[in-house]
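# Coordinate analysis (summary)
Each chain, letter by letter, is given below.
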Amino acid sequence: MPESSRQRHAVLALLLAALATLGPFSIDTFLPAMADIGVALSASPLQMQQALSVYLFCYALMMLWHGAISDSVGRRPVILVSCLCFAIASVGCAMASDLSTLLLFRGMQGLCGGAGLVVGRAIIRDRFHGHDAQRMMSQVTMLFSVSPAIAPVVGGLLFGSFGWRSIFVFMALLGLLLFAACWRSLPETLAREVRPPFAWRQLARNYLEVGRKREFQLLALAVSFNFAGFFLYIPSAPVFVMQHLGLGHDQFIWMFGPAVGGIMLGAFLSGRLAGRRNARQLVSLGYALMFGAAALNVLSAWLLPPSVWSSVPPLALYSTGMSLSAPSITIVLMDQFPHLRGTVSSMQGFTQTMFSSLIAGVIAPLVWTSTLSLALTMSGLLVTGFLLRSAYRRRVSRAA
């Protein structure tokens with residue numbers, strides 16, 4: 001590959017990764033300050049959990065539209081409008097004087113925050129094919145996966161120095177910075193002549209075409225359950241870090257750092273092994289790592305007192321396996337419908353994020369009371385994801 005092309009690909013990967021960070025930053029930066037935000041807005045801890053659930057619900061809902069709209073109007077306009085609206089919503093959160101106002105603008109953040117991730121996947125499939133697409137997907141995953149480790153640290157530092165409102169000011173500045181960067185450097189990758197017209201009936205037909213295919217249902221749910229095994233610890237982080245591990249609001253890095261390191265390692269391995277191992281082998285290896293991590297997590301929670309050294313390494317190993325398998329599964333999902341990649345990306349994101357919203361709002365508060373209940377729930381989610389993926393493989397084998 002010529003040096004100039006390699007540089008352009010690196011710039012595109014960096015920009016797409018930065019766009020995808022809006023979601024993690026919206027979730028993770030305010031975790032260290034949740035308790036104090038609740039005090040300031042006269043909200044209970046359970047009510048404050050709604051600030052995460054409302055965000056995730058709106059994030060998932062709009063994911064159905066980001067990709068579909070980008071299929072019709074182009075990738076670039078969707079990205080630019082979303083970045084600008086995200087900045088405006090963040091300002092509204094910073095100025096909130098009660099919980100209702102905060103929830104309103106958190107919902108608006110959610111409507112905008114997923115565009116970079118959803119449309120970014122479609123951009124990759126517009127520009128790259130085969131192993132090149134898997135490598136680019138892995139590069140973006142590896143770069144953007146740094147954000148969940150950085151976000152709570154940034155949130156803790158801002159909260160400790162300037163108060164909780166500064167966290168949302170930071171998010172607003174991030175949105176404006178990304179808007180400027182995309183205005184300058186993000187190319188349009190979908191030619192006008194191949195864009196389907198934007199029509200409600202056509203969109204409904206597209207959703208039905210994708211959503212009623214059993215192979216899509218099984219794989220999309222498998223990815224969702226795999227991710228949920230790790231995501232369970234995100235809404236549980238304030239309890240897990242500060243109560244179970246006995247750390248402070250500025251020490252979330254002890255959980256997020258190793259976990260994100262695992263995501264980066266898995267994405268790196270996925271890129272390195274692209275072309276040397278097929279998708280089925282990579283996914284199987286990813287599941288082997290996740291099952292080993294889940295078993296280790298249960299044993300350490302059962303036999304040892306909670307600590308950074310016993311409770312966190314299983315999360316890092318799990319996230320390695322999850323990140324290793326995810327790019328291959330995502331590409332298989334999108335290649336089922338080459339003419340509707342944006343719609344597929346939207347529906348996959350919708351499925352995964354709606355399930356994450358359920359995890360954050362319902363399941364996590366029920367199981368975060370002990371590290372053992374968290375570990376057992378992770379294992380149950382993983383087993384379900386594996387069974388769904390096995391059902392997909394059986395169905396494909398019968399069709400062949």
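Residues numbered from 1 in each chain as written. Predicted model: local features only at pLDDT ≥ 70, side-chain atom pairs only at ≥ 80, totals over all residues. Heavy atoms only, no water.

## Thoughts on the side chain of E215
Operational definition: Only runs of H or I of at least four residues qualify as helices and only runs of E of at least two qualify as strands under DSSP, and these elements are numbered from the N terminus. Contacts are assigned to residue pairs that have any heavy atoms within 4.5 Å of one another.
For E215, the location among the structural elements is in helix α12 (residues 214-231). In this structure E215 touches Q336, Y392, R395 and V396, once residues within four positions along its chain are discounted.

## Topic: the packing of aromatic side chains
Heads up, the condition is: Pairing of aromatic rings covers Phe, Tyr and Trp, the last through its six-membered ring, and needs centres within 6.5 Å; plane angles under 30 degrees mean stacked, over 60 mean edge-to-face, and all others mean tilted. The rule is simple: take the accessible area with a 1.4 Å probe, protein chains only, and divide by the maximum for that residue type; under 20% is buried, over 50% is exposed, in between is partly exposed. By definition here, charges over rings are those cases where NZ of Lys or CZ of Arg is within 6 Å of the ring centre and within 35 degrees of the ring normal.
Counted according to the given criterion, the structure contains 14 aromatic pairs. Seen in terms of ring centroids, F25 and F170 are 5.7 Å apart; in terms of plane orientation they differ by 45 degrees. Their pairing is tilted. Remark: F170 occurs in helix α10 (residues 165-185) and F25 occurs in helix α2 (residues 22-28); sequence separation between them is 145 residues. For F25, a relative accessible area of 8% gives the class buried. Grouping aromatic residues by their ring pairs yields a cluster made of F30, W164 and F168. If you follow R76 out to its NZ or CZ, it ends over the ring of W183, 5.7 Å from the centre. Above the face of the F337 ring, K213 is positioned so that its terminal group lies 5.1 Å from the ring centre.

## With respect to helix α13 (residues 237-244)
For α13, the buried fraction is high: six of the eight residues fall into the buried class. Taken together, the buried positions of α13 are occupied by A237, P238, V239, F240, V241 and H244. Summarising the contacts, the buried residues of α13 are in contact with α3 (34-40), α14 (253-273), α16 (308-311), α17 (313-335) and α19 (371-399).

## Overview of the side chain of S319
For clarity, the cut-off: Any pair of N or O atoms that falls within 3.5 Å is considered a polar contact. Within protein, one atom must be able to donate a hydrogen and the other to accept it, and sequence-neighbouring residues count only if both atoms are side-chain atoms.
If you trace the backbone, S319 turns up in helix α17. Accessibility expressed as a relative area gives 0% for S319, which makes it buried. A distance of 2.6 Å separates the side chain of S319 from the backbone oxygen of A259, its partner in a polar contact. When residues no more than four places from it in sequence are discounted, the contact partners of S319 are F230, A259, G262 and I263.

## Describing a nonpolar patch on the surface
Formally: Residues enter a patch when their relative accessible area is above 30% and they make no salt bridge; the linking distance is 9 Å between like charges and 5 Å between nonpolar side chains (Val, Leu, Ile, Met, Phe, Trp, Tyr). Throughout, the Shrake-Rupley method with a 1.4 Å probe supplies accessible areas, and for residues the shown protein chains are the sole cover considered. Within this document, salt bridges are pairs made up of a side-chain nitrogen of Lys or Arg and a carboxyl oxygen of Asp or Glu, the two lying within 4 Å of each other.
Together, L84, I88, V169, L173 and L176 make up a nonpolar patch on the protein surface, roughly 440 Å² of accessible area in all. Every element with two or more residues in the nonpolar patch is listed here: α5 (75-94) and α10. Looking at the nonpolar patch, the element that brings in the most residues is α10, giving three residues. By the secondary structure assignment, L176 is in helix α10. For L176, a relative accessible area of 42% corresponds to the partly exposed category.

## A few points about the pattern of salt bridges
Summed over all chains, the structure comprises two salt bridges. For the salt bridge of E215 with R395, the shortest nitrogen-to-oxygen distance reads 3.1 Å. Here R395 lies in helix α19 and E215 lies in helix α12, a separation of 180 residues in the sequence. A relative accessible area of 32% means that R395 is categorised as partly exposed.

## Notes on the packing of helix α4 (residues 45-73) against helix α6 (residues 99-113)
The condition that has to hold: Fitting a line to C-alpha atoms yields each axis, with helices limited to the stretch in contact; the angle taken between N-to-C directions then spans 0 to 180 degrees. Orientation is classified from the angle alone, with under 35 degrees giving roughly parallel, over 145 giving roughly antiparallel, 65 to 115 giving roughly perpendicular, and any other angle giving oblique. Take the far helix as the reference: if the near one is turned anticlockwise from it by less than a right angle, the crossing is left-handed, and if turned clockwise, right-handed. In this count, Pro and Cys sit with the nonpolar residues alongside Ala, Val, Leu, Ile, Met, Phe, Trp and Tyr, while Asp, Glu, Lys and Arg are called charged and the others, Gly among them, polar.
Relative to each other, α4 and α6 sit at 30 degrees, their axes nearing to 7 Å. Comparing the axis directions of α4 and α6 gives the class roughly parallel. Considering the relative orientation of α4 and α6, their crossing is right-handed. Where α4 approaches α6, its residues Q47, M48, Q50, A51, L52, V54, Y55, C58, Y59, M62 and H66 are matched on the opposing element by L99, L102, L103, R106, G107, Q109, G110, L111, C112 and G113. Of the residues that constitute the contact of α4 with α6, the class distribution is 13 nonpolar, seven polar and one charged.

## A closer look at the packing of α5 against α10
Orientation of α5 relative to α10, taken along the N-to-C sense of each, is 160 degrees, at an axis distance of 8 Å. Relative to α10, α5 is oriented roughly antiparallel. The handedness of the crossing between α5 and α10 is left-handed. Counted together, R76, I79, L80, C83, L84, F86, A87, S90, V91, C93 and A94 of α5 and R165, F168, V169, M171, A172, G175, L176, L178, F179, C182 and W183 of α10 form the full contact between these two elements. Taken together, the residues of the contact of α5 with α10 sort by class into 18 nonpolar, two polar and two charged.

Remember, this is a structural readout, not a statement about activity or role.
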